[in-house]
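# Understanding the architecture of this molecule
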Amino acid sequence: MKKGNLLVSLFLIAILNIGIFVVVNDRSDVFWVNYCFLMFAVLFAACTFSFGSKNEKLASKLNIFMVAIAFLVCETIAALVCARFDSAAWATVVHLAVIGIFIVFLYATLSGNAHVEQQQEQRGADLINFKSVLETFKGIQKNVPFSAPYKKTIDKAFDAIASGQVTSSPEVAGIERDIADAVNELGKAVTANDEQTIASVCSRIDKLSSERESKLKLRSNF
């Protein structure tokens, strides 16, 4: 909750109430029906403006606030139309219809927000720590003797990874997982001193690194 937003909301509600009771002299049953439903819409909009979870995304808050504003506008229009009615019952029906539509839109908005947040969480879970992959590769490099015939091959594969973006990115999460698997496989091959597997895995790492960089560059152009 932000105290500034709350104070602004309370001030505007007070001004609105003063304006209504100064302008409207005929306080019939229809007036009170319109007033109650309108105040409900005003209070809901004020709550969405003043209150909210700190963990809630800004886009989600804005979506809900826009629905609240749309609801307030519709209730205002409904109140102006119902002011011409003689029956409080019909005015109530109109307002309930507006609230029904509002509930449908609010539910759709909340569901949409939840779906987007779930996708973002899934993306975050799918990401690997690419820097840790580089650290693992460095550890493999240190264990390779300078006299080893595959030393240059491993150094070249490491340079292919280290020369690009070292932070993880959701756009290339699949490729990064493949690189991580290849690095782990390379570590086992170095331990076993399997030159053929080392050459094959390093070649695969080179290709995956090139593919990763191409996709990251393509994304940066847009």
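Residues numbered from 1 in each chain as written. Predicted model: local features only at pLDDT ≥ 70, side-chain atom pairs only at ≥ 80, totals over all residues. Heavy atoms only, no water.

The next thing to look at is the overall build of the chain. Along the chain, the regular secondary structure elements total eight helices and zero strands. Ordering the α and β elements of the chain from the N terminus gives α-α-α-α-α-α-α-α. Relative to its 222 residues, the chain shows a buried fraction of 32%. Counting contacts in the chain only where the partners sit at least 6 residues apart, residues at least 24 apart contribute 71% of the total. (Helix = DSSP H or I, 4+ residues; strand = E, 2+ residues; numbered from the N terminus. Buried < 20%, exposed > 50% of the residue type's maximum accessible area, 1.4 Å probe, protein only. Contact = heavy atoms within 4.5 Å.)

A separate point is helix 6 (residues 151-162). The end-to-end C-alpha separation of helix 6 is 16 Å, in line with the 16 Å expected for 12 residues at 1.5 Å each. Every buried residue belonging to helix 6 is among Lys151, Ile154, Ala157, Phe158 and Ile161, and all of these are buried. Seen end-on, helix 6 carries its buried residues on one side only, within an arc spanning 135°. Facing away from the buried side of helix 6, by more than 90 degrees, are the exposed residues Lys152 and Lys156. (Expected span 1.5 Å × (residues − 1). Arc of directions from axis to C-beta.)

Considering the arrangement of structural elements, one finds glutamate 213 in helix 8 (residues 195-220). Sequence spacing of glutamate 213 and glutamine 165 is 48 residues, and the spatial spacing of their C-alpha atoms is 7.5 Å. Ignoring sequence-local partners within four residues, the contact set of glutamate 213 consists of Gly164 and Gln165. Of the polar contacts made by the side chain of glutamate 213, one reaches the side chain of arginine 212; its length is 3.4 Å. (Polar contact = N/O pair within 3.5 Å; in protein donor to acceptor, adjacent residues only side chain to side chain.)

Take helix 7 (residues 173-192) next. Counted at 1.5 Å a residue, the expected span for helix 7 with its 20 residues is 28 Å, and the 29 Å between its end C-alpha atoms agrees. Among all positions in helix 7, only Ala173, Ile175, Glu176, Ile179, Ala180, Ala182, Val183, Leu186, Gly187, Ala189 and Val190 are buried. Where helix 7 terminates, the next one or two residues include asparagine 193, which has phi positive at roughly 55°.

Attention shifts here to the nonpolar core. The biggest cluster of nonpolar side chains holds 27 residues, and the ones touching the most others in it are Phe137, Ile154, Leu186 and Ile205. Broken down by secondary-structure element, the contributors of at least two residues to this core are helix 5 (130-142), helix 6, helix 7 and helix 8. The element contributing the most residues to this core is helix 7, with eight residues. Apart from the residues within four sequence positions on either side, phenylalanine 137 is in contact with Ile154, Ala157, Phe158, Ile161, Val183, Leu186 and Ile205. Counting 14 residues, the second largest nonpolar core, distinct from the first, contains Val30, Cys82, Phe102 and Leu106. (Core = buried A, V, L, I, M, F, W, Y, C linked by side-chain atoms within 4.5 Å.)

With that out of the way, let us pick up unusual backbone geometry. For asparagine 193, which is not glycine, the phi torsion reads 55° and is therefore positive. Along the chain, asparagine 193 turns up in the loop between helix 7 and helix 8. By relative accessible area, which is 47% here, asparagine 193 ends up partly exposed.

In this structure, the largest pocket spans a volume of roughly 370 Å³. In terms of lining, the largest pocket is formed by 15 residues, of which the most central are Val24, Phe31, Asn34, Ala79 and Ala83. At the level of elements, helix 2 (29-50) and helix 3 (58-82) are the ones that each hand at least two residues to the lining of the largest pocket. Take the lining of the largest pocket: its biggest share by element is five residues, from helix 2. Taken together, the residues of the lining of the largest pocket sort by class into 10 nonpolar, three polar and two charged. (1 Å grid on protein atoms, 1.4 Å probe; cavity = no way out; pocket = protein on both sides within 12 Å on 5 of 7 lines; lining within 4 Å. Points joined across faces, edges and corners; volume = space filled by probe spheres on them. Nonpolar A, V, L, I, M, F, W, Y, C, P; charged D, E, K, R; others polar.)

Structurally, the position occupied by asparagine 17 is in helix 1 (residues 3-23). Discounting chain neighbours no more than four positions away, the residues touching asparagine 17 are Tyr35 and Met39.

Taken as a whole, this structure holds six salt bridges when the rule is applied. As a salt-bridge pair, glutamate 176 and arginine 212 come within 3.0 Å of each other at their nearest N and O atoms. Of the two residues, glutamate 176 sits in helix 7 while arginine 212 sits in helix 8, which places them 36 residues apart along the sequence. Taken individually, glutamate 176 and arginine 212 each receive the classification buried, so the pair is uniform in this respect. Look at the salt bridges and you will find they share partners, linking Glu176, Arg212 and Glu213 into a network. (Salt bridge = Lys/Arg side-chain N within 4 Å of Asp/Glu carboxyl O.)

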